[in-house]
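Given next are the chains, with one letter for each unit.
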Amino acid sequence: MTRHIVRQRLTWKTLSNCGRLALIAALFGVTGLRAEADIIDITPEYAARLPVDFLPQIQFAQNDHGFKRDALYFHLLRPVTHAPTPVIVFVLGSGWQPVEVSRVLPQLVPLAEAGFAVAAVDYRGIGEVTFPTPQEDVKRAIRYIRAHAETWNIDPEAIGIMGNSAGGHISLLAGLSDETAFGAGAEGETAAVQAIAAIYPAIYPDEMAGDGLSLINQHFGLMAGDPANADAVAPGLPATHVDAGDPPVLLIHGTADAIVPVTQSERFYDTLTDAGVDATLLRVAGLGHSIEDTMTTLQIEQGLIDFFTRTLRTTD
């Protein structure tokens with residue numbers, strides 16, 4: 001008996017489960033699966049996300065510090081699109097200590113796929129400098145990115161900043177402070193941002209500083225919790241810089257955070273709204289102090305995309 005092979009035009013949706021397995025087997029060389037058709041035509045269905053380009057190690061600062069680290073860089077995740085994109089400057093927290101920011105880049109890819117360039121920036125930390133140099137480094141990065149926005153197809157009028165923990169503290173200071181604070185004038189550009197997202201940020205570090213060489217005291221270069229140092233510490237507290245003209249702020253904090261209590265964000269939310277600032281607190285049940293867990297929580301991912309879409313794409 002002659003066997004007739006029926007050739008049909010198929011799409012992924014019209015394939016049976018066996019047919020899909022067979023297609024995967026054919027594409028990836030998996031054996032042991034029997035195909036139901038010898039020719040499979042596919043009409044492409046594109047993902048609802050943009051392809052992403054990666055530009056590593058872009059230098060934005062050169063400092064003269066002898067044997068200490070003198071060059072600062074950022075890594076850029078850039079969506080592949082013709083239209084100029086908003087950019088989110090990301091500041092990684094690690095107790096204000098020097099840390100390799102590239103390790104969290106995979107967690108930031110969804111933001112780039114949603115149409116935002118993401119610049120994960122370097123800053124000098126404990127063992128190299130004390131407050132306010134880390135804040136100056138981050139504001140310098142913002143100015144550099146704005147000055148060279150055309151190079152990376154970035155909209156210089158749509159810059160947001162985002163950070164976690166100590167990086168959230170630095171992000172709030174950079175985003176809320178005025179132009180005269182923390183290294184004014186570098187690069188000949190403004191360091192103003194249009195939106196701030198702070199993930200379990202250390203908002204009141206002076207109240208967390210204990211005795212001895214805690215990370216907070218090392219960051220400030222003094223006993224931050226000592227009332228005698230209150231005037232010196234005040235410029236390093238985000239609440240000092242809050243006023244009605246500040247950009248929108250999104251606070252994200254887990255209720256199970258054992259390092260920075262969620263009450264810090266709750267209290268700061270009240271401070272922001274009392275001043276007339278557009279503020280949102282995304283309080284996440286059971287979430288702890290983890291950037292990986294935070295960025296893989298679907299509601300947080302969508303919340304960040306919605307927030308930056310609202311604040312950085314106002315002309316869309």
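So, here is what we can say about the structure in this document.

Rules behind the numbers
Residues numbered from 1 in each chain as written. Predicted model: local features only at pLDDT ≥ 70, side-chain atom pairs only at ≥ 80, totals over all residues. Heavy atoms only, no water. 1 Å grid on protein atoms, 1.4 Å probe; cavity = no way out; pocket = protein on both sides within 12 Å on 5 of 7 lines; lining within 4 Å. Points joined across faces, edges and corners; volume = space filled by probe spheres on them. Nonpolar A, V, L, I, M, F, W, Y, C, P; charged D, E, K, R; others polar. Salt bridge = Lys/Arg side-chain N within 4 Å of Asp/Glu carboxyl O. Helix = DSSP H or I, 4+ residues; strand = E, 2+ residues; numbered from the N terminus. Buried < 20%, exposed > 50% of the residue type's maximum accessible area, 1.4 Å probe, protein only.

## Structural notes on empty space enclosed by the protein
Link 1 in the chain: Tallied over the full model, the rule gives one cavity of 30 Å³ or more.
Link 2 in the chain: In this structure, the largest cavity spans a volume of roughly 50 Å³.
Link 3 in the chain: Lining the largest cavity, in full, are L92, Q97, P98, V99, V101, V121, D122 and Y123.
Link 4 in the chain: Broken down by class, the residue content of the lining of the largest cavity amounts to six nonpolar, one polar and one charged.

## Focus: the pattern of salt bridges
Link 1 in the chain: Applying the stated rule across the entire model yields eight salt bridges.
Link 2 in the chain: Residue E292 pairs with R103 through a salt bridge whose shortest N-O separation is 3.3 Å. Of this pair, E292 sits in helix α8 (residues 291-295) while R103 sits in the loop between β3 (85-91) and α2 (105-113), placing them 189 residues apart in sequence.
Link 3 in the chain: Classification of E292 as partly exposed rests on a relative accessible area of 32%.
Link 4 in the chain: When its relative accessible area of 45% is taken as the criterion, R103 is described as partly exposed.
Link 5 in the chain: Of the charged contacts in the structure, one is a salt bridge between R143 and E179, with a shortest N-O distance of 2.8 Å. Residue R143 is found in helix α3 (residues 133-147), and its partner E179 is found in the loop between α4 (166-176) and β6 (195-199); the two are separated by 36 residues along the sequence.

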